[in-house]
Amino acid sequence: MTAAPTLPGTVTVRVPAKVNLQLKVGQRRADGYHDLATVFQAVSLHDQVSVARWDAWEVVPSGTYAAGIPTDEGNLAVRAAKLVAERCHIDESLSIRIDKDIPIAGGMAGGSADAAATLLACDQLWGLGLDRDEMASMAAELGSDVTFPLHGGTAMASGRGEQIAPVLARGTFYWVFAVSDQGLSTPAVYAECDRLRERSGERVPSPEIDAELMGALRQGDAVALGRALHNDLEPAAFSLRPELKELRDAGVDFGALGGMVSGSGPTVAFLTASHEAALDLSVSLAAADVAGDLRRAKGPVHGAHVVTGSRD
Ligand code: C5P
């Protein structure tokens, strides 16, 4: 049975999507992961995750992208809630409602955002008072991209993506995201990146963020930021989905300040000069019929935060 829309004691957390302004990928490590240097920005596409005590574990999807949400253990939000319960010796089951407005399997870390939101919601629901380090340790255990949504804003990440440090960024940036209705598997894109590198025999330098990007953020300079956007996974995403390159090129031709595949794709992110420029670009891309769903957003925005609910 599915829980009523709002159960007593429900805690709701709002959590943003992310875009990688630069994603530099090092060599494949012995554990199968890659060392990264990346700068994340949280953008104004949000999911809302609500948790409430319930007599069985359940996931109730709603919102724009409800159809693609797994409702079993495959959902990282369920794994997040069970991890908190296990670590804190709580023997309760939850109804987890996910109102989904972040594209699924699109390189915007939507599933990771839901897991981060669930960690925060469980902390509040169960009155645990978990500190930052405890939350970060659970986030890292769940996935490489789960830590950043807890921070939000603009931040640099290293390790496999889970070690976060804030970055000084001025101003607001206006984005257009071209969303594909068919996801790309993150492991498949990393594997393709390794394959392309092996084939070309190129030396893989240790990943580092460019000074130009940090300067552009410090100055709040969208033109310079547009030039500095970079994603080492882009050739792999283009190799698996050649039409993404056409889409990226079309957006740049239509006047975007920069365009690139977001994370492991297939979402393509375009930076524009203003709210109006983002609107114009969306209209041009829609008219050219080169993109699926088009979403506009601004960044940076705050990380995961509780919007309703308190302890019983
Ligand atoms: O950590 P997460 O489960 O999100 O990673 C999904 C997959 O993405 C990993 O299994 C791995 O194939 C790839 N990955 C990687 N290096 C990273 C992050 C992810 O190879 N730093």
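For the structure given in this document, a descriptive report is provided here. Please read all numbers here as calculations on a predicted model, not as lab measurements.

The rules behind each value
Residues numbered from 1 in each chain as written. Predicted model: local features only at pLDDT ≥ 70, side-chain atom pairs only at ≥ 80, totals over all residues. Heavy atoms only, no water. Core = buried A, V, L, I, M, F, W, Y, C linked by side-chain atoms within 4.5 Å. Buried < 20%, exposed > 50% of the residue type's maximum accessible area, 1.4 Å probe, protein only. Helix = DSSP H or I, 4+ residues; strand = E, 2+ residues; numbered from the N terminus. Domains from an automatic or database assignment. Contact = heavy atoms within 4.5 Å. Salt bridge = Lys/Arg side-chain N within 4 Å of Asp/Glu carboxyl O. Pairing = 2+ DSSP bridges. Phe/Tyr/Trp six-rings, centres within 6.5 Å; stacked < 30°, edge-to-face > 60°. Lys NZ or Arg CZ within 6 Å of the ring centre and 35° of its normal. Near = heavy atom within 4 Å. Polar contact = N/O pair within 3.5 Å; in protein donor to acceptor, adjacent residues only side chain to side chain. Areas by Shrake-Rupley, 256 points an atom, 1.4 Å probe, with all protein chains shown as cover.

**Overview of the nonpolar core**
Logical step 1: In terms of nonpolar packing, the biggest core is built from 62 residues, with Leu21, Ile96, Leu119, Trp175, Phe177, Leu213 and Leu225 touching the most fellow members.
Logical step 2: Broken down by element, the residue count for this core peaks at 9 residues, all from helix H2 (residues 110–125).
Logical step 3: Viewed by domain, this core spans two of them, domain 1 (11–167) and domain 2 (173–299), each represented by three or more residues.
Logical step 4: With residues up to four places along the chain from it excluded, the contact list for Leu21 reads Val39, Gln41, Thr154, Trp175, Leu213, Leu217, Leu225, Ala228, Leu229, His230 and Met260.
Logical step 5: Counting 25 residues, the second largest nonpolar core, distinct from the first, contains Leu23, Val25, Ala178 and Ala291.

**Re the pattern of salt bridges**
Logical step 1: In the structure shown here, the tally under the stated rule is 15 salt bridges.
Logical step 2: Linking Asp31 and Arg29 is a salt bridge whose minimum nitrogen-to-oxygen distance equals 2.8 Å.
Logical step 3: Take Arg29: its relative accessible area is 23%, and that puts it in the partly exposed class.
Logical step 4: Between Lys245 and Asp249 there is a salt bridge whose closest N-O contact spans 2.8 Å. Taken together, the residues span about one helical turn, with Lys245 and Asp249 both in helix H9 (residues 243–253) at a distance of 4 residues.
Logical step 5: For Lys245, a relative accessible area of 38% puts it in the partly exposed group.
Logical step 6: Assessed through its relative accessible area of 27%, Asp249 is described here as partly exposed.
Logical step 7: Sharing partners across several salt bridges, the network here consists of Glu234, Lys245, Arg248 and Asp249.

**A few points about the pairing of strand E3 (residues 58–62)**
Logical step 1: In this structure, E3 lies alongside strand E4 (residues 93–99), joined through 5 bridges in parallel fashion. What sits directly across from Ser62, in E4, is Asp99.

**Observations regarding the environment of Leu184**
Logical step 1: One can find Leu184 in the loop between strand E7 (173–179) and helix H5 (186–200).
Logical step 2: Taking C-alpha positions, Leu184 is 32 Å from Gly215, a pair spaced 31 residues apart along the chain.

**Points about the packing of aromatic side chains**
Logical step 1: Under the counting rule described, the total for this entry stands at 2 aromatic pairs.
Logical step 2: Pairing Trp175 with Phe177 gives two aromatic rings, centres 6.0 Å apart and planes at 15°, and the pair type is stacked. Both residues of the pair, Trp175 and Phe177, count as buried.
Logical step 3: The aromatic ring of Tyr33 is capped on one face by Arg160, whose charged end is 4.9 Å from the ring centroid.

**Considerations on the site of the ligand**
Logical step 1: Inspection of the region around the ligand gives Gly32, Tyr33, His34, Leu36, Gly143, Ser144, Arg160, Thr186, Pro187 and Tyr190 as its neighbouring residues.
Logical step 2: A distance of 3.5 Å separates an oxygen atom of the ligand from a polar side-chain atom of Tyr33.
Logical step 3: Between the ligand and the protein, one listed contact pairs an oxygen atom with a side-chain N or O atom of His34 at 2.7 Å.
Logical step 4: Relative to its unbound accessible area of 450 Å², the ligand is 76% covered by the protein chains.
Logical step 5: Mapped by element, the contributors of at least two residues to the shell around the ligand are strand E2 (34–54) and H5.
Logical step 6: Sort the elements by how many residues they give to the shell around the ligand and H5 lands first, with 3 residues.
Logical step 7: Both domains that meet at the shell around the ligand, namely domain 1 (11–167) and domain 2 (173–299), each give it at least three residues.

**Some points on the pairing of strand E6 (residues 163–166)**
Logical step 1: As paired elements, strand E5 (residues 154–158) and E6 share 4 bridges and run antiparallel to each other. Each residue of the ladder has a partner; that of Ser158, found in E6, is Gln163.
Logical step 2: In textbook terms, the turn of a hairpin is the stretch between consecutive antiparallel strands, and for E5 and E6 this stretch comprises 4 residues, one of which, Gly159, has a positive phi near 70°.

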